[in-house]
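Here's the letter readout for the chains.
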Amino acid sequence: MGRLGRLPVNVAFVFEGEEENGSRGFAQAVTQNLRWFEGTQLIIISNTLWVGENAPCLTYGMRGMLSLSVQITGPERDLHSGNDGGVFSEPMVDLLRVMATLVGPGGRVQVPGFYDAVEPGLIELAWTSLEDSEEFSLEGYKAALGVPALTAPPNKRDLLVTRWCRPSLSVVDMRPGQQQPAGGQQQQQAEPASTCYRFGPTRFSVIPKAAQGKVSVRFVPNQDADQLVDCLRRHLQRSFSALGSSNTIDLHVEARGNWWEARPGSPWLAMAEAAIAKEWGVHPLYVREGGTMPVASYLERLLGAPAIMIPMGQSSDNCHLANERIRRTNLFKGKNVIRRLLEEVGAMAAG
């Protein structure tokens, strides 16, 4: 609240409860209620994290996202590995071989064109903040991940570039799939999961009629999602054709979200920095984030106003994972940061 007991500006709140499920319905809900957002000057989002545990941060860029499914379809029904194994091309084996062509040694994606159109210099503002900061280190990051080694280049700058400023591809799931109808059309009613999930211990004897892999792609300014999908489709088709299999392969885009970038020299970013500095007593570190917040670029286009990202949580808050949390201090100071920012915006409007 302002000093006189009222907000210095008008504020419309949007609570998005399905971000982890693809934000289905979000765009429709906003467009059906545009009257609430008339004259929007600034969009404030808090859905990112600090780079460490102690220093407040200000996020100025995020990667985009593509969620893709790769399905290989074979026989009309599940078959018995003892009775029928070894006499036809098995969809799961084909899928394993195709997915293995996507990423090579050191984690480098082997899809031609995957690294094209990457905007240079994305790390510079963050590196100015982090070069001499103790908030992030290679050893600390490796320990936080719980991995024995990192595949990224062995220095802090290149690791941050890999995390924040370069595209990545991760295989996040592989399992028996569902038979697709002729022509690749979606079935009106989802078919139950392959029978190998229904027969208890005997699932190890079942060859699934279809196999599906899930891929998560993150892309950066100024890459185009459609061009990346085309690159992946060509690579997968070429890799699959080399198998000489009688099965069929299909690539389907499940979800997409564009990258987001704060505008250089934005006065709103300067106001957010001032608000954070007043509340925490130190200037924030400027950081990027490898994750994606699709609603940011969507709301910017729809409302014709810039967005800013004000992270409140520490890097150890387990974002999107089990036991996700936020420290009490961060929650209350974060609330005060937003209050101070609204006061700054109000003072600018009054002046």
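Since this is a predicted model, take the numbers as computed values, not measurements. (Residues numbered from 1 in each chain as written. Predicted model: local features only at pLDDT ≥ 70, side-chain atom pairs only at ≥ 80, totals over all residues. Heavy atoms only, no water.)

Student: Please clarify how the overall build of the chain should be interpreted in this entry.
Tutor: The secondary structure content of the chain amounts to ten helices and eleven strands. Seen through its C-alpha atoms, the chain measures out along the principal axes to roughly 80 × 50 × 40 Å. Across the 351 residues of the chain, 42% fall into the buried class. Within the chain, contacts between residues separated by at least 24 positions form 82% of all contacts whose residues are at least 6 apart in sequence. Within the chain, one finds 34 positive and 36 negative side-chain charges whose respective centroids are separated by 3 Å. (Helix = DSSP H or I, 4+ residues; strand = E, 2+ residues; numbered from the N terminus. Buried < 20%, exposed > 50% of the residue type's maximum accessible area, 1.4 Å probe, protein only. Contact = heavy atoms within 4.5 Å. Lys, Arg positive; Asp, Glu negative; His and termini not counted. Charge placed at Lys NZ, Arg CZ, Asp CG, Glu CD.)

Student: For this particular structure, what's the right way to read the packing of helix α8 (residues 267–280) against helix α10 (residues 328–350)?
Tutor: For any two helices packed against each other, the geometry is given by the interaxial angle and the distance between the axes. Relative to each other, α8 and α10 sit at 130 degrees, their axes nearing to 8 Å. Here α10 runs oblique to α8, going by the angle between their axes. Here α8 runs over α10; the crossing is right-handed. On the side of α8, the interface is formed by W268, M271, A272, A274, A275, I276, K278, E279 and W280, while α10 contributes T329, N330, K333, N336, V337, R340, L341, E344, V345 and M348. Tallied by class, the residues present in the contact of α8 with α10 amount to eleven nonpolar, three polar and five charged. (Axes fitted to C-alpha atoms, helices over the stretch in contact; angles between N-to-C directions. Parallel < 35°, antiparallel > 145°, perpendicular 65-115°, else oblique. Left-handed = near helix turned anticlockwise from the far one by under 90°. Nonpolar A, V, L, I, M, F, W, Y, C, P; charged D, E, K, R; others polar.)

Student: Explain the confidence of the model for the chain to me, please; I cannot follow it from the model alone.
Tutor: Fine structural detail should not be taken from predicted coordinates in areas where pLDDT scores are low. Of all residues in the chain, 91% attain a pLDDT of 70 or more, and the chain-wide mean is 89. Under a pLDDT of 50 for its full length, residues 181–196 has, in the predicted model, 22 contacts with residues more than four places off or in other chains. (pLDDT = per-residue confidence, 0-100.)

Student: What am I meant to see in α10 here?
Tutor: For an α-helix the count is 3.6 residues per turn, leaving residues at separations of three or four pointing the same way. With 23 residues, α10 ought to run about 33 Å at 1.5 Å a step, and its terminal C-alpha atoms sit 33 Å apart, in line with that. Within α10, burial applies to N330, G334, V337, L341, L342, E343, V345 and G346. (Expected span 1.5 Å × (residues − 1).)

Student: Even after reading the chapter, I still don't get the packing of aromatic side chains, so can you show me in this structure?
Tutor: Both the distance between ring centres and the angle between the ring planes are used here to describe each pair of aromatic rings. Under the criterion given, the structure shown has six aromatic pairs. Ring geometry for F13 and F15: centres 6.2 Å apart, planes at 10 degrees, overall stacked. Grouping residues by exposure puts F13 and F15 together as exposed. (Phe/Tyr/Trp six-rings, centres within 6.5 Å; stacked < 30°, edge-to-face > 60°.)

Student: Looking at this model, I keep getting lost on the environment of G177. Mind explaining?
Tutor: Assignment of secondary structure puts G177 in the loop between β5 (168–176) and β6 (206–207). Between the C-alpha atoms of G177 and S69, which are 108 residues apart in sequence, the distance is 10.0 Å.

Student: How should the side chain of S133 be read in this particular structure?
Tutor: Among the secondary structure elements, S133 is positioned in the loop between α4 (124–130) and α5 (138–145). Judged by its relative accessible area of 15%, S133 is buried. S133 has contacts with K156 and L285, leaving out every residue within four places of it along the chain.

Student: I'm lost on the side chain of E300 in this one. Help?
Tutor: By the secondary structure assignment, E300 is in helix α9 (residues 294–303). Comment: no salt bridge for buried E300; closest opposite-charge side chain is R263, at 4.9 Å. There is a polar contact of 2.8 Å between the side chain of E300 and the backbone nitrogen of A307. With residues near it in sequence (within four places) discarded, E300 still touches I43, W260, A305, P306 and A307. (Salt bridge = Lys/Arg side-chain N within 4 Å of Asp/Glu carboxyl O. Polar contact = N/O pair within 3.5 Å; in protein donor to acceptor, adjacent residues only side chain to side chain.)

Student: Mind showing me how you'd approach the pattern of salt bridges here?
Tutor: Pairs can form between side chains of opposite charge once their charged atoms are near each other. For the structure shown, the criterion picks out eleven salt bridges. Between E139 and K142 there is a salt bridge, and its shortest N-O distance comes to 3.6 Å. Taken together, the residues E139 and K142, both in helix α5 and three residues apart, mark about one turn of the helix. A relative accessible area of 54% places E139 in the exposed class. A relative accessible area of 22% means that K142 is categorised as partly exposed. Across the pair D173 and R175 runs a salt bridge whose closest N-O atoms are separated by 2.8 Å. Among the residues examined, D173 registers a relative accessible area of 24% and is labelled partly exposed. On the accessibility criterion, R175 (38% relative accessible area) is partly exposed. Members of the salt-bridge network, linked through shared partners, are E279, K333 and R340.

Student: Is there a simple way to think about the pairing of strand β10 (residues 285–289) in this case?
Tutor: When a strand is regular, its side chains alternate between the sheet's two faces. The element β10 is extensively covered by neighbouring structure, given that five of its five residues are classed as buried. Side-chain alternation along β10 places L285, V287 and E289 on one buried face and Y286 and R288 on a second face that is also buried. Pairing geometry for strand β2 (residues 57–62) and β10, over four bridges, is parallel. Across the sheet, residue L58 finds its bridge partner in β10, namely Y286. (Pairing = 2+ DSSP bridges.)

Student: Sorry, what's going on with the sheet that holds strand β7 (residues 210–219) here?
Tutor: Hydrogen bonds between backbone groups are what pair the strands of a sheet, and the pairing can be parallel or antiparallel. Spatial ordering of the open sheet is given by β5-β7-β3-β8, a layout of four strands whose pairing is antiparallel. This sheet does not close on itself; its edge strands, each paired only once, are β5 and β8 (248–257). Put simply, the sheet's adjacent strands are angled 20 degrees from each other on average, direction ignored. Pairing between strand β3 (residues 64–73) and β8: nine bridges, direction antiparallel. Its bridge partner lying in β8, L68 is registered against V253. Contacts from helix α3 (residues 91–99) reach β3, β5, β7 and β8 within the one sheet, and its direction differs from that of β7 by about 20 degrees.

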